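# Working through the structure, step by step
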Amino acid sequence: MSEQLHAQTEAEGAVSQWVTFTLDDETYGIGVMQVQEVLPLSEIAPVPGAPPYVLGIINLRGNVVTVIDTRMRFGLRPKEPEDSDRIVVMEAGNQVAGILVDSVAEVTYVRDGEIDTAPNVGNDDASHYIYGVVSRDDDLLILVDVNRLLSADEWEEVAEL
Amino acid sequence: MAIDPQDDIVQDFLVESREILEGLGEQLVSLEQAPEDRDLLNSVFRGFHTIKGGAGFLGLDELVDVCHQTEDIFNLLRQGEKQMSPELMDDVLQALDVVNGMFDRIEDAQDLEPAPGGLLQALRSHNQPDDNAGGAATSASDGASAGEGTGGTTAAPSGAAAPGGQEAASGDISDQEFEALLDALDGEGVGDGGSAAAKDTAVEGAGAGASAGAGAAAGDEITDDEFERLLDDLHGEGSHHGVPSAPANAADGQGPGDAAAGDEITDDEFEKVLDQLHGSGQGPTGGQTDAAETPVASGGGSSAAREPSSRRPEASAGGGHQGGGDGGAAAGGGQHGAGGHGHRGETSVRVDTAKLDDIMNLVGELVLVRNRLANLRGEIGDERLSHAVGNLEHVTSDLQNSVMKTRMQPIRKVFGRFPRVIRDLARNLEKEVELVTAGEETDLDKNLVEALADPLVHLIRNSVDHGLEPPDERQSAGKRRTGTVRLAAEQEGDHILLTIADDGRGMDPDKLREIAVKKGVLDAESARRLDDSECYNLIFAPGFSTKEQISDVSGRGVGMDVVKNSISQLNGTIDIDSELGRGTIIRIKVPLTLAILPTLMVRIAGRKFALPMSVVREIFELERGRTNVVDGRLTVMVRHKAMPLFFLERWLDRMGAEAVVPAKSLTGEDQEKDSQVVTVVIGHQTVGFVVDEVIGLEEVVIKPLGAILHGLPGLAGSTITGDGSIALIVDIPSLIKQYGSRL
């Protein structure tokens with residue numbers, strides 16, 4: 001496997017690993033190194049006065065973790081929470097935060113050569129958080145830039161739009 | 001270029017130096033009381049020296065300059081060639097401030113600025129022996145700096161130090177012998193070099209010893225590696241040469257005349273000498289050459305170390321014996337360092353507080369698991385299980401306490417800076433002040449110790465500036481000329497009580513009323529209604545300053561309310577009492593720790609919230625029919641006083657998308673619910689919060705909210721309750737400020 005990977009590396013650039021999750025019908029990926037853990041949906045305590053993209057906070061073994069509404073971020077319609085929902089706890093910079101997703105699928109390998117830049121349609125602020133897209137067969141994998149997703153500044157900008 | 005404060009070496013340097021600086025502040029003030037205390041003089045000298053050493057290593061020349069000047073002054077002082085004077089102390093204290101300032105800059109990763117020219121000038125002017133102490137040049141530093149630039153003499157002291165250090169490392173000489181040696185050397189007045197180095201480790205010790213001999217800087221310029229090499233080179237050749245030749249050889253280079261001339265070396269020249277020293281110490285060849293020229297001196301060092309008693313007559317025979325003598329002392333220093341190091345062992349470790357916080361967190365989780373088990377025990381009712389859970393309970397409580405203790409520090413850390421504060425104030429204001437402290441051993445949370453420092457400094461300043469009268473006034477009032485400020489700490493249950501008491505003029509309630517009205521803090525009518533104790537507390541109101549004239553010490557008018565705010569932030573209270581003509585006493589109560597907060601758990605709209613107990617006064621049922629609407633706000637009469645009510649529910653309603661803000665006035669639906677009112681005190685005001693249910697008292701561990709939610713108005717943090725769910729901790733003052741009109 002590693003030899004094979006190595007050969008591919010030579011051919012098409014470095015290989016990175018991505019954790020894929022789904023929201024509605026789309027598949028997204030976040031860098032495996034930034035994913036801390038995946039939790040089943042637990043009670044999310046709302047926080048009065050918090051920005052609208054914050055769903056609330058959860059208790060992660062004694063630490064309080066903020067959960068972000070990814071649907072709102074990606075411009076998807078809101079949906080009632082289901083048992084199959086997952087919270088992906090991520091680490092970016094010095095902060096830890098969770099995102100609420102529909103399901104978590106697998107860890108996939110992506111070669112640098114496969115990654116295309118995201119189609120930037122006009123003034124779509126969601127594209128700020130997209131690192132690139134990978135097209136495989138008929139599926140499209142959208143790679144998310146976690147650092148931007150979690151950075152409060154970016155969020156504030158979005159809030160102002 | 002600024003150095004990186006995150007670098008490990010820099011970190012170590014910063015931590016160590018900060019500790020030394022803290023100690024220096026205290027030592028300097030006590031030194032003024034006891035200017036002849038050699039131990040103190042030595043330890044101050046060592047302090048500056050150690051910092052200078054580290055700064056030199058990191059290339060912080062600005063810092064080296066100041067420390068160097070100061071260290072030299074103390075070298076003269078401890079050798080009795082100079083007398084302590086208040087002016088000298090002022091300059092030294094200022095130098096200490098400058099050094100502290102430089103450390104602030106280093107921590108902020110900023111470039112250092114050279115010390116003010118005036119200060120360096122002043123230090124330099126102090127940096128020569130008093131006239132009556134000129135005479136024969138007997139000081140170690142004089143002797144060595146007289147060795148002007150000849151490579152031979154420069155290497156002599158360091159060479160001497162070298163074998164000493166190595167022998168020490170191999171443990172040839174026992175501690176007792178070494179003590180005897182030190183004593184013997186001390187008789188000659190050169191043992192200081194040794195004791196200066198005593199606390200350092202082997203190599204550093206030798207380095208320090210060498211530098212003490214070499215005019216207090218050469219050692220610092222040599223890196224450890226170079227020094228090791230030098231040691232190797234010198235050890236074989238130099239260590240067994242006879243004693244008699246030592247003085248003779250040393251005399252070649254440095255007669256008394258030269259030594260006297262050494263006093264007049266300018267800084268520039270001295271720098272040049274240092275450069276030369278540095279150069280000659282660098283390469284193995286250079287080292288060897290030096291060694292060849294100076295085996296005698298180093299021999300003197302090591303033989304002095306072995307035969308301290310026989311060394312004395314020999315030494316006093318030669319005119320320029322000091323070089324050899326220094327070597328001996330320096331060697332001794334190296335030895336002592338190594339010996340002490342080996343025997344003492346490490347009994348403490350530095351731990352990042354973040355790690356302690358982690359442990360604290362985990363212990364908190366353990367407590368939750370224990371609670372769940374305890375619940376299960378009740379359900380299952382198995383005896384063996386309940387026994388095991390009982391044990392677990394004990395162990396977790398002990399664990400919790402132990403972890404808490406690791407974060408505790410004696411309040412001495414804060415109190416330690418006050419002698420200096422008082423001294424400066426007394427000199428500035430020309431008052432005579434005595435500081436009495438008690439309860440320095442009282443332990444409290446590290447964060448609290450740090451957070452209390454500034455408010456306490458402010459209060460102490462106020463006491464001295466506003467409270468205490470000038471000596472003449474005191475005398476005519478029949479008091480002692482010297483005013484007393486008493487600073488005490490004691491543990492009172494789960495609180496720490498701090499008192500700051502002065503025996504000054506006290507406060508006049510009528511005058512306070514008058515000022516409050518004049519400053520627009522209160523109207524005349526409400527001022528008249530205040531009782532005396534409330535009047536004293538007026539000084540904590542924003543914009544209240546009693547001093548007619550603004551001094552640079554206190555009285556900018558921002559002081560006391562800021563103090564009060566910072567104490568409130570620590571969930572503490574501050575209270576003041578005074579007696580006209582007799583003095584004022586300020587009492588501060590703070591919790592033992594910031595990690596655990598006593599709260600009142602309430603339920604609002606099905607969610608749990610924690611209100612800090614420090615502001616909660618009472619709880620009562622909201623009864624319909626006793627409410628009135630005043631100025632558009634629902635109020636309730638409590639003991640014939642109208643108290644405004646705030647509905648926390650409306651704050652929560654704003655959370656969700658479906659939030660429909662209910663009408664301002666109390667609707668019929670609201671009235672039908674059984675509600676409870678929690679009375680809280682904000683500043684001088686009492687307000688009521690309407691909640692659905694009061695759950696009870698709970699001590700909670702505060703969990704900060706993440707970066708995204710940080711600083712939300714109305715929230716002080718969150719916590720995890722006994723059943724594992726999350727409760728938000730309400731920050732009542734900021735909640736009222738932000739949402740007050742809409743609740």
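How each quantity is defined
- Each chain has its residues counted from 1, running along the sequence as written.
- Both sets of labels track the order of writing: A upward for chains, 1 upward for ligands.
- Local features are withheld for residues below a pLDDT of 70 in this predicted model, meaning they are given only at 70 or higher, and side-chain atom pairs are given and counted only at 80 or more; totals for whole chains, interfaces and linings count all residues.
- Based on all heavy atoms of the structure, the side-chain values leave hydrogens and waters out of the count.
- Helix numbers and strand numbers start at the N terminus; a helix is a DSSP run of H or I with at least 4 residues, a strand a run of E with at least 2.
- A simple rule labels every residue: compare its accessible area, found with a 1.4 Å probe on the protein chains alone, to the largest value its type can have, and call it buried under 20%, exposed over 50%, or partly exposed in between.
- Contact between two residues is taken to exist if any of their heavy atoms lie within 4.5 Å; hydrogens are not considered.
- With residues, only the protein chains shown are counted as cover, and all accessible areas are computed by Shrake-Rupley using a 1.4 Å probe.
- Strands are labelled as partners when DSSP assigns at least two bridges between them.
- Geometry is summarised by axes, namely lines fitted to C-alpha atoms with helices restricted to the contacting stretch, and by angles between N-to-C directions that run from 0 to 180 degrees.
- Ring pairs shown here join Phe, Tyr and Trp side chains whose ring centres sit within 6.5 Å, with only the six-membered ring taken for Trp; geometry is labelled stacked below 30 degrees between planes, edge-to-face above 60, and tilted in between.
- The term buried area refers to how much accessible surface (probe radius 1.4 Å) is lost by two components on association, counted for both of them together.
- We define a salt bridge as a side-chain nitrogen of Lys or Arg found within 4 Å of a carboxyl oxygen belonging to Asp or Glu.
- Polar contact criterion, stated in full: a pair of N or O atoms within 3.5 Å, where within protein one must be able to donate a hydrogen and the other to accept it, and residues adjacent in sequence count only if both atoms are side-chain atoms.
- Each residue is assigned to one class: nonpolar for Ala, Val, Leu, Ile, Met, Phe, Trp, Tyr, Cys and Pro, charged for Asp, Glu, Lys and Arg, and polar for all the others, Gly among them.
- Values of pLDDT, the confidence the predictor places in each residue, fall between 0 and 100.
- Using a 1 Å grid laid over the protein atoms alone, points where a 1.4 Å probe fits but cannot get out form a cavity; open sets with protein on both sides within 12 Å along at least 5 of 7 lines form a pocket; any residue with an atom within 4 Å of a point counts as lining.
- Grid points are joined across faces, edges and corners, and a volume is the space filled by probe spheres set on the points.

This next bit is on the overall build of chain B. Within chain B one finds 32 helices and 18 strands. The buried share among the 743 residues of chain B stands at 50%. Put simply, 72% of the contacts in chain B that link residues at least 6 apart link residues at least 24 apart. Carbon together with sulfur atoms contributes 49% to the accessible area of chain B, which is approximately 34,300 Å² in total.

At A:Asp24, a residue that is not glycine, the phi angle is positive and equals roughly 50°. Mapped onto the elements of the fold, A:Asp24 is located in the loop between strand E1 (15-23) and strand E2 (26-31). Despite not being glycine, B:Ala605 shows a phi value in the positive range, around 50°. Within the secondary structure, B:Ala605 is located in the loop between strand E8 (596-604) and strand E9 (607-612).

To continue, consider the sheet that holds strand E10 (residues 616-621) of chain B. Where strands meet in a sheet, backbone hydrogen bonds hold them as pairs that are either parallel or antiparallel. Residue and element names in this part refer to chain B. Taken in spatial order, the 6 strands line up as E10-E14-E15-E13-E12-E11 in an open sheet, and their pairing is mixed. Two strands lie at the open edges of the sheet, namely E10 and strand E11 (627-630), each paired on one side alone. With strand direction ignored, the average angle separating the axes of adjacent strands in the sheet is 40°. Both strand E14 (residues 676-682) and strand E15 (residues 685-691) contribute to a ladder of 7 bridges, which runs antiparallel. Counted as the bridge partner of Ile682 is Gln685 from E15. Lying on the sheet, helix H32 (residues 732-739) is in contact with strand E13 (641-647), E14 and E15; it crosses E14 at an angle near 95°.

Residues and elements named next belong to chain B. Applying the stated criterion across every chain, the model contains 7 aromatic pairs over all chains. Taking 5.7 Å as the distance between ring centres and 50° as the angle between the ring planes, the aromatic pair formed by Phe609 and Trp651 counts as tilted. Placement of Phe609 in strand E9 and of Trp651 in helix H30 (residues 648-653) is noted, with a sequence separation of 42 residues between them. Pair check on accessibility: Phe609 and Trp651 agree, each one buried.

So, about the sheet that holds strand E7 (residues 583-591) of chain B. Residue and element names in this part refer to chain B. Taken in spatial order, the 5 strands line up as E2-E4-E5-E7-E6 in an open sheet, and their pairing is mixed. Looking along the sheet, the strands with just one partner apiece sit at the ends: strand E2 (433-438) and strand E6 (573-579). Averaged over all adjacent pairs, the angle separating strand axes in this sheet is 15°, with direction ignored. Here helix H23 (residues 418-429) sits on the sheet and contacts E2 and strand E4 (483-492); the angle it forms with E2, its principal contact strand, is near 165°. Across the face of the sheet, helix H24 (residues 446-467) comes into contact with E2, E4, strand E5 (495-502), E6 and E7 while running at roughly 20° to E5.

Moving on: the interface of chain B and chain A. Contacts between the two partners involve 23 residues from chain B, matched on the other side by 22 residues from chain A. When the buried surface of chain B facing chain A is broken down by residue, B:Ile708, B:Leu709 and B:Ile726 rank first, second and third, together holding 34% of it. Applying the counting rule to chain B against chain A returns 1 salt bridge. A:Glu43 is the salt-bridge partner of B:Arg607, the closest N and O atoms lying 3.2 Å from each other. Inspection of the chain B/chain A interface yields 1 residue pair in polar contact (both at pLDDT 80 or more). Elements supplying a minimum of two residues to the side of chain B that touches chain A: helix H20 (353-380), E9, H30, strand E17 (715-720) and strand E18 (726-730) of chain B. Split by residue class, the side of chain B that touches chain A holds 15 nonpolar, 5 polar and 3 charged.

Let us look at the confidence of the model for chain B. Residue and element names in this part refer to chain B. Within chain B, residue pLDDT values average 69, and 65% of them lie at 70 or more. Within the model, the stretch residues 236-265 combines pLDDT values under 50 with 53 contacts to residues more than four positions away or in other chains. Low pLDDT, under 50, characterises residues 279-343; the stretch is placed with 138 contacts to residues that sit more than four places away or in other chains.

Let us look at the layout of surface pockets. Residues and elements named next belong to chain B. In this structure, the second largest pocket occupies an estimated 2,000 Å³ of space. Residue lining of the second largest pocket: 49 residues in total, with Arg18, Glu19, Glu22, Lys413 and Arg417 positioned closest to the centre. Among the elements of the structure, helix H1 (8-33), helix H4 (86-107), H20, strand E1 (408-410), helix H22 (412-415), H23 and H24 are those that each provide at least two residues to the lining of the second largest pocket. If you tally residues by element for the lining of the second largest pocket, the top one is H1, at 12 residues.

Once that is clear, we can look at the pairing of E18(B). All names here are of chain B. Counting buried positions over the 5 residues of E18 gives 5, a clear majority of the element. Alternating positions in E18 separate into two faces, Ile726, Leu728 and Val730 on one and Ala727 and Ile729 on the other, with burial throughout. Taken together, the 2 bridges between E9 and E18 define a ladder with parallel strand orientation. Within E18, the position partnered with Phe609 by the bridge is Leu728. Alignment of E17 against E18, held across 5 bridges, turns out to be antiparallel. Across the sheet, Ile720 pairs through a bridge with Ile726, a residue of E18. Adjacent in sequence and paired antiparallel, E17 and E18 are bridged by 5 residues, among which Gly724 carries a positive phi angle near 90°.

Here we take up the pairing of strand E10 (residues 130-136) of chain A. Residue and element names in this part refer to chain A. Examined bridge by bridge, strand E9 (residues 115-116) and E10 share 2 bridges and lie antiparallel to one another. Across the sheet, residue Asp116 finds its bridge partner in E10, namely Val133. Where E10 meets strand E11 (residues 139-144), 6 bridges bridge the pair, whose relative direction is antiparallel. Each bridged residue has a counterpart across the sheet, and for Gly132 the counterpart in E11 is Leu143. Following E10, the chain reverses through 2 residues before pairing antiparallel with E11; Asp137 in that reversal takes a positive phi of roughly 50°.

A word on the pattern of salt bridges. Side chains that differ in sign of charge can pair as their charged atoms come close. All names here are of chain B. One pass over the full model with this rule turns up 33 salt bridges over all chains. Between Arg18 and Asp104 there is a salt bridge, with the nearest N and O atoms lying 2.5 Å from each other. In this pair, Arg18 sits in helix H1 while Asp104 sits in helix H4, placing the two residues 86 residues apart along the sequence. Here Arg18 falls in the partly exposed class, since its relative accessible area comes to 21%. Of the charged contacts, one joins Glu618 and Arg639 as a salt bridge, the two residues approaching to 2.9 Å between their closest N and O atoms. Here Glu618, found in strand E10, pairs with Arg639, found in the loop between strand E12 (633-638) and E13; they are 21 residues apart in sequence, far enough to count as distant. For Glu618, a relative accessible area of 25% translates into the label partly exposed. Owing to a relative accessible area of 63%, Arg639 belongs among the exposed residues under this scheme. One network of salt bridges, with partners in common, ties together Asp90, Asp97, Arg420, Arg423, Asp424 and Arg427.

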